[in-house]
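An overview of the molecular structure
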Amino acid sequence: MRWILLANLLVAGGVLVLMTGMWFEFASPLVLHLQPTLGLEAAAVSLRSDTDELLMAFSSRDSASLMAMMIIWKALAFLIVSLATIAGLRRLGWRLMLALASVFVGILALNVMALPSVIDNTYLYLVSVLFVISVASFYSVKHYQRRLALTPKNSALIAYASQSGTAKSIALNMASAAVKHCDCRSFADLTPENLQDYEQLLVVAATYGEGQAPEKTIDFLPSLANFQQSLSHLKFSVLALGDKAYPQFCAYGQQVAQALSEKGAKVMHPIQEVDRAQPQVIAQWWQEICQLSGWRVEQIDKQWLQGEITNNLCLNSQQSQRPAHAITINVDNVKYQAGDLLEIMTPTPITTIDERLLEYGLEPQTMVRLNGQACELNHALTQLEWTNQVANSPQALVNKLAVLRPRVYSIASAPDDHQVRLLVRHLKKDDGSDGFSSAHLCHANIGQIFNVAVRQHDSFRLPPSNVPVIMIGAGTGIAPFMSFLAQRRAENGADNWLIFGEQYSSHDNYFNNELDGHIDNGTLTRIDYAFSRDSQWQSFGKPSYVNEVIQQQSKLLFHWLYDKDAQLYVCGNKAGMGESVKDALKQLLQEDFQRLEQANRLHFDLY
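Here the focus is the packing of helix 6 (residues 166-177) against helix 9 (residues 279-293). Here helix 6 crosses helix 9 at 40 degrees, and the two axes come no closer than 12 Å. At the point where helix 6 passes helix 9, the crossing takes the right-handed sense. Counted together, Ile-170, Met-174 and Ala-177 of helix 6 and Ile-282, Trp-285 and Trp-286 of helix 9 form the full contact between these two elements. Tallied by class, the residues present in the contact of helix 6 with helix 9 amount to 6 nonpolar, no polar and no charged.

Spelled out as structure tokens, the structure:
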């Protein structure tokens, strides 16, 4: 439809420019006489005054061109009206659609050549009005492009349910590898009716929280349960993503598989559960899917960028057991939005591995097998997460170690800034050992290179600039809100309220100078602090935890959420701050908590 409108716009515009030019040339009311009875090859078009005085006679070639343009324009107009009317009446049934189509085809066949014999000023006004309508219609149709893009192009669909962007990234990589075979859509844009258009469904489903659906996809399973038609024509397989540290491991993927089976869909491959997005498991599942489908197996490896450390500053050196580092990484040609995440691979340098192996009395060049391939021990350990583990033999050491996987951090810099800023907590475990990746990053030297990739975080996006925002963060959970505020300052947008909690006001008040600047320039409307271990702070009756701020400022929160239609964002550790904040919000909002969450006005990024 859009291309037909564009053609109509160009042709109508050409006719309008030609006729208007002639009108201005002779500076008087004119009448264009057409004599099409002998056919286009013998057409005669003349321009006369309103007193029938001959002013100009067109050549037969120019006459034929002008009349052909008029015919094309009229045919396009009939076609546009036909398609628009039929599209608007589709729900009235196929018989009426067929009848209407027949009527319009008949009109088109009988009347398209019936051009007027006289075109005067009134006709020019009509062409002008229709040209304006064509322009408006052309740009209106652009708003429907996203919906039209969802029209199935293939018999297979890759559907993803993603909270932090992992499932989406995997699904898009698969769709790219199988571009000739698969469409790719989010569960948020999918209805059970859409599944009837496909023969094969591949699901990449992440589990959020305690076995829950990702925020933007919570409506899909209830819709599927209420769907009355059978999906017996559909074959499916589910790649379920989760973390074994949580009791409801891969629960949402299991729920999706069960719901599809209950609607008659057939399992083409058993559900594959994946712990923390292990790439080898995902690659094996994809290879089996391609073989079952008769597709050529393509690699679905992530496209990594190189990032160079340009700054590494500990913001709270007094906190020896929980230091937080502001780390800046230069990444050329990087694109991201506020709320997005940065994946980073932190392999142990091979020189460090060699030194450590020699300390343990092991030869770095000892041959071992990794993923079925023979390689030297030191090279194998660059692909694994080796800290201080020991084993009886080099091969046993390789066998017991976890595969190197990327860590994900919220981006704390302005959108698309190639100096990507992170806030990284140096993890100290209960046994005294360091967290593998956080130690590598916090000890990284200026100039050190890491592989990085942006992960889109669609469920943690800023609303339009005229919508107020409430941001609740604790610890390193303040990171995405620094990116939010940078974007809000550039937009000169609506009000912004930050609630931030940490341990000590004296040395855990990250980015305080930057936040003061946002207060001074009006980007931050309000900021509330809570410090849990600061006795001096608490002696003034100030809150210790962010959930206490929520309770104390309940009336103001109500005003922002209900009177100002603000959206609320929460980021931080799930086990501590995250659950307490959710409980405080549920107690405050009661039954509206679920309603606001379903309306995408409450957003959580908990880790």
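Turning our eyes to something else, we now look at the sheet that holds strand 23 (residues 602-606). Spatial ordering of the open sheet is given by 21-20-19-22-23, a layout of 5 strands whose pairing is parallel. Pairing within the sheet leaves two strands with one partner each, and these edge strands are strand 21 (526-531) and strand 23. Each neighbouring strand pair of the sheet contributes to a mean axis angle of 10 degrees, computed without reference to strand direction. Strand direction decides the pairing type here: strand 20 (residues 496-502) and strand 21, joined by 6 bridges, are parallel.

Right, let's get into helix 18 (residues 554-563). When helix 18 is considered as a whole, its buried residues turn out to be Leu-557, Trp-560 and Leu-561. All buried residues of helix 18 lie within an arc of 90 degrees about the axis, which places them on one face of the element. Exposed residues on helix 18 whose side chains face more than 90 degrees from its buried face are Lys-555 and Asp-563. In this fold, the buried residues of helix 18 make contact with strand 19 (469-474), strand 20, helix 17 (546-552), strand 22 (567-572) and helix 19 (574-589).

On to the nonpolar core, then. Residues Phe-187, Leu-195, Leu-201, Tyr-252 and Leu-260 are the most contacted members of the largest nonpolar core, which totals 28 residues. Of all the secondary-structure elements, those providing two or more residues to this core are strand 5 (156-161), strand 7 (200-206), helix 7 (220-225), strand 8 (235-242) and helix 8 (251-262). The element that contributes the greatest number of residues to this core is helix 8, accounting for 5 residues. Setting aside anything within four residues of it in sequence, one finds Leu-201 in contact with Leu-157, Ala-159, Leu-195, Leu-234, Lys-235, Phe-236, Ser-237 and Leu-260. In terms of nonpolar packing, the next biggest core, distinct from the first, is built from 27 residues, Ile-472, Ile-550, Leu-557 and Ala-584 among them.

A separate point is the pattern of salt bridges. A pair can form between side chains of opposite charge whenever their charged atoms are brought close. All told, the structure shown has 14 salt bridges when counted by the stated rule. With a closest N to O distance of 2.4 Å, Arg-461 and Asp-340 form a salt bridge. Here Arg-461 is found in the loop between strand 18 (449-455) and strand 19, whereas its partner Asp-340 is found in the loop between strand 12 (324-330) and strand 13 (341-345), with 121 residues between them in sequence. Judged by relative accessible area, which is 2%, Asp-340 ranks as buried. For Arg-526, the salt bridge is made with Asp-528, and the minimal N-O distance between the two is 2.7 Å.

Averaged over every residue, the pLDDT of the chain is 83; the share at 70 or more is 74%. Contacts from residues 90-94, a stretch scored under 50 in pLDDT, to residues over four places away or in other chains number 1 contact. Low pLDDT, under 50, characterises residues 144-151; the predicted model gives this stretch 6 contacts beyond four residues in sequence or across chains.

Below, the discussion takes up the side chain of Gln-567. On the secondary structure map, Gln-567 appears in strand 22. Not counting residues within four places of it along the chain, the set of residues in contact with Gln-567 comprises Pro-463, Val-467, Pro-468, Val-469, Ile-470, Asn-600, Arg-601 and His-603.

Our next topic: the sheet that holds strand 13. Spatial strand order, 16-13-18-11-12-17: 6 strands in an open sheet with antiparallel pairing. The open sheet has two edge strands, strand 16 (407-410) and strand 17 (419-425), and neither has a second partner. Taken pair by pair, the neighbouring strands of this sheet meet at an average axis angle of 40 degrees, ignoring direction. One ladder, built from 5 bridges, connects strand 13 with strand 18; its direction is antiparallel. Along strand 18, the bridge assignment pairs Glu-343 with Ala-453.

A complete count under the given rule lists 0 disulfides for this structure. A disulfide-free cysteine, Cys-184 has its sulfur positioned 8.5 Å from the sulfur of Cys-182, the nearest such atom.

This brings us to the environment of His-559. Mapped onto the fold, His-559 is located in helix 18. Classification of His-559 by relative accessible area gives partly exposed; the value is 35%. Of note is the side chain of His-559, whose polar atom sits 2.9 Å from the side chain of Asp-563.

About the criteria used
- Residues numbered from 1 in each chain as written.
- Predicted model: local features only at pLDDT ≥ 70, side-chain atom pairs only at ≥ 80, totals over all residues.
- Heavy atoms only, no water.
- Axes fitted to C-alpha atoms, helices over the stretch in contact; angles between N-to-C directions.
- Helix = DSSP H or I, 4+ residues; strand = E, 2+ residues; numbered from the N terminus.
- Left-handed = near helix turned anticlockwise from the far one by under 90°.
- Contact = heavy atoms within 4.5 Å.
- Nonpolar A, V, L, I, M, F, W, Y, C, P; charged D, E, K, R; others polar.
- Pairing = 2+ DSSP bridges.
- Buried < 20%, exposed > 50% of the residue type's maximum accessible area, 1.4 Å probe, protein only.
- Arc of directions from axis to C-beta.
- Core = buried A, V, L, I, M, F, W, Y, C linked by side-chain atoms within 4.5 Å.
- Salt bridge = Lys/Arg side-chain N within 4 Å of Asp/Glu carboxyl O.
- pLDDT = per-residue confidence, 0-100.
- Disulfide = S-S within 2.5 Å.
- Polar contact = N/O pair within 3.5 Å; in protein donor to acceptor, adjacent residues only side chain to side chain.

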